[in-house]
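Here is what each chain is made of, one letter per residue.
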Amino acid sequence: MSRDPLAAAAVVGGAASVQMGAAIGATIFPLVGPAGVVALRQSVAAVALLAVSRPRLRDLTWHGVRPALLLGLVLVSMNLAIYGAIERIGLGLAVTLEFLGPLALALVGSRRRLDLLCAAVAGLGVVLLTGTVPGIDLVGIGLALVAAASWAAYIVLSRRAGRTLPGVQGTALASVLAAVVTSPLLVLAVAGLAPDELLHVAVIGLAIGILSSALPYSIDQVVLRRLPQQLFSVLQSVQPAAAALAGLVVLGQTLGVWQVVGLALISVGNVIAVCRRAPITADVERPRRRRSPRPSRRPIAET
């Protein structure tokens, strides 16, 4: 499917990094809460990405910066929503519902029967995920769906920011805005911590900032220049499984049999829908080759 297997492997690795970071971040919920984890994550990511990209202010234009600023706001809504959902309904379930965002992006505007079938399969997966859990937290479900909408917007805006700014400057500027917006939450979260707790939170914050933001966001922005959006969405199908595995290993969270079936249905529905929409080829413009002029058929005049 891809002419760049390294880019595809990077996306899968980035997905695993995101979910492992999310699981590690959930371990300090009792100390700083979901909002504090998000603020830590964004602050570390902003510092790391600025150090790498080093954007020059004089070279920035409003046309180039606007997608990055919108991306920053989306990062805030996506991360606040998903961490709030993780606290209430667990990592595996929250991320699987969040995955409906890329799936909806793949299906939007389509009226084909197969795509409608994929949507129905995903809907059945949601029912199995949520309907088989007695007393499930509806607020957590709602937060996961907000994160899903934000994830779809993230894919679109990350691609645009990557086209208007070189390297990972778009991600860096987006992370800076997200860090500024969430900075009051960070102050409130760490204000009452004891020194040993503050050190523990700082170490975990450094880990999740790199694993869940700086590394995967940079990978996404670079890869979205080299892979088509359809293939990128297919590769995101590993996110629910990666989240379920990270939740089990780090947090001891388990999913029931029917929830695992629902997770698989949503992921398979996405793969089928995306693969059937269009041929998965890179949409990078190729320079046209200049044709060498044909030799003239006229005989050369003798001198």
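Counting restarts for each chain: residues are numbered from 1 in the order of the written sequence. Predicted model: local features are reported for residues with pLDDT of at least 70 only, side-chain atom pairs are reported and counted for 80 or more only, and whole-chain, interface and lining totals are derived from all residues. Heavy atoms from the whole structure form the basis of all side-chain values; hydrogens and water molecules are not counted.

### Thoughts on the layout of surface pockets
Filter applied, for reference: Cavities and pockets were defined on a 1 Å grid built over protein atoms only: a cavity is a set of grid points that admits a 1.4 Å probe from which the probe cannot escape, a pocket is an open set flanked by protein on both sides within 12 Å along at least five of seven lines, and lining residues are those with an atom within 4 Å of any such point. Grid points are joined across faces, edges and corners, and a volume is the space filled by probe spheres set on the points. Where helices and strands are cited, they refer to DSSP runs of H or I of at least four residues and of E of at least two residues respectively, numbered from the N terminus. Each residue is assigned to one class: nonpolar for Ala, Val, Leu, Ile, Met, Phe, Trp, Tyr, Cys and Pro, charged for Asp, Glu, Lys and Arg, and polar for all the others, Gly among them.
Volume-wise, the largest pocket comes out at about 170 Å³. If you trace the largest pocket, you find 17 residues lining it, with Ile89, Gly90, Leu93, Thr254 and Leu255 closest to the centre. Mapped by element, the contributors of at least two residues to the lining of the largest pocket are α3 (62–89), α4 (91–98) and α11 (238–251). A class-by-class count of the residues in the lining of the largest pocket yields eight nonpolar, seven polar and two charged.

### Considerations on empty space enclosed by the protein
This model, assessed by the stated rule, comprises two cavities of 30 Å³ or more. Considered as a void within the structure, the largest cavity measures approximately 250 Å³ in volume. Around the largest cavity, the lining comprises 22 residues; the ones closest to its centre are Val18, Gln19, Arg41, Glu98 and Gln239. When residues of the lining of the largest cavity are traced back to their parent elements, those giving at least two are α1 (5–26), α3, α4, α7 (138–164) and α9 (195–223). When residues of the lining of the largest cavity are assigned to their parent elements, the largest contribution, six residues, is made by α1. Volume-wise, the second largest cavity comes out at about 30 Å³. Of all elements in the fold, only α3, α7, α8 (169–190) and α9 reach the threshold of two or more residues within the lining of the second largest cavity. Across the lining of the second largest cavity, the residue classes break down as five nonpolar, three polar and no charged.

### With respect to the side chain of serine 158
Filter applied, for reference: Contact definition: two residues touch when any of their heavy atoms are within 4.5 Å.
Position of serine 158 among the secondary structure elements: in helix α7. Beyond its immediate sequence surroundings of up to four residues, serine 158 is in contact with Leu71, Gln221 and Leu224.

### Some thoughts on the environment of leucine 145
Along the polypeptide, leucine 145 turns up in helix α7. Distance from leucine 145 to alanine 94, taken between C-alpha atoms, is 8.6 Å for residues 51 residues apart in sequence.

### A look at the nonpolar core
Definition in use: The set of buried Ala, Val, Leu, Ile, Met, Phe, Trp, Tyr and Cys residues whose side-chain atoms join them within 4.5 Å is what this entry labels a nonpolar core. For every residue, the accessible area (1.4 Å probe, protein chains only) is compared with the maximum for its type, and the residue is labelled buried under 20%, exposed over 50%, or partly exposed between those bounds.
Judged by nonpolar contacts, the single largest core of 69 residues is most densely connected at Tyr83, Ile86, Ile89, Leu91, Leu97 and Tyr154. Each residue touching leucine 91, except ones within four places of it in the same chain, is listed here: Gln19, Ala22, Ala23, Ile86, Ala243, Ala246, Gly247 and Gln253.

### With respect to the packing of aromatic side chains
Worth spelling out the cut-off: Aromatic rings from Phe, Tyr and Trp, taking only the six-membered ring of Trp, are treated as a pair when their centres fall within 6.5 Å; an angle between ring planes under 30 degrees marks them as stacked, one over 60 as edge-to-face, and anything in between as tilted.
Taken as a whole and assessed by the stated rule, the structure comprises two aromatic pairs. A centroid spacing of 6.1 Å and a plane angle of 80 degrees characterise the contact between phenylalanine 29 and tyrosine 83, whose relative ring orientation is edge-to-face. Here phenylalanine 29 is found in helix α2 (residues 29–53), whereas its partner tyrosine 83 is found in helix α3, with 54 residues between them in sequence. The class for tyrosine 83 is buried, based on a relative accessible area of 1%.

### A word on the packing of α2 against α3
Defined as follows: Axis angles are defined between N-to-C directions and span 0 to 180 degrees, where every axis is a line fitted to C-alpha atoms and, for a helix, only to the segment in contact. Should an angle fall under 35 degrees it is called roughly parallel, over 145 degrees roughly antiparallel, and 65 to 115 degrees roughly perpendicular, with every other angle called oblique. By convention the crossing between two helices is left-handed if the near helix lies anticlockwise of the far one by an angle smaller than a right angle, and right-handed if it lies clockwise.
Taken N-terminus to C-terminus, the directions of α2 and α3 make an angle of 155 degrees; their axes are 9 Å apart at the nearest point. Relative to α3, α2 is oriented roughly antiparallel. Where α2 crosses over α3, the two elements pack in a sense that is right-handed. Every residue of α3 that contacts α2 at Phe29, Pro34, Ala35, Val37, Val38, Arg41 and Gln42 is listed here: Leu75, Asn79, Leu80, Tyr83, Gly84, Ile86 and Glu87. When the residues that make up the contact of α2 with α3 are grouped by side-chain class, the tally is nine nonpolar, three polar and two charged.

### What to know about α2
Here is the rule we go by: Multiplying one less than the number of residues by 1.5 Å gives the expected span of a helix. By definition, a residue's bend is the angle between the axes fitted to the seven residues ending there and the seven starting there.
For α2, spanning 25 residues, the distance from its first C-alpha to its last is only 31 Å, which falls clearly below the expected 36 Å at 1.5 Å a residue. At alanine 35, α2 is bent by approximately 70 degrees, the largest bend along its length.

### Examining the pattern of salt bridges
Stated precisely, the cut-off is as follows: Whenever a carboxyl oxygen of Asp or Glu lies within 4 Å of a side-chain nitrogen of Lys or Arg, that contact is scored as a salt bridge.
Following the criterion strictly, the structure yields one salt bridge and no others. The shortest N-O distance in the salt bridge between aspartate 137 and arginine 88 comes to 2.9 Å. Taken together, the residues span a long stretch of sequence, with aspartate 137 in the loop between α6 (113–131) and α7 and arginine 88 in helix α3 at a distance of 49 residues. What makes aspartate 137 partly exposed here is its relative accessible area of 24%.

### A closer look at the packing of α3 against α4
One way to put it is that α3 packs onto α4 with a least axis distance of 7 Å and a crossing angle of 140 degrees. Relative to α4, α3 is oriented oblique. Remark: the crossing between α3 and α4 carries right-handed chirality. Mapping the contact onto sequence places Met78, Ile82, Ala85, Ile86 and Ile89 in α3 and Leu91, Leu93, Ala94, Val95, Leu97 and Glu98 in α4. In terms of residue class, the contact of α3 with α4 is built from ten nonpolar, no polar and one charged.

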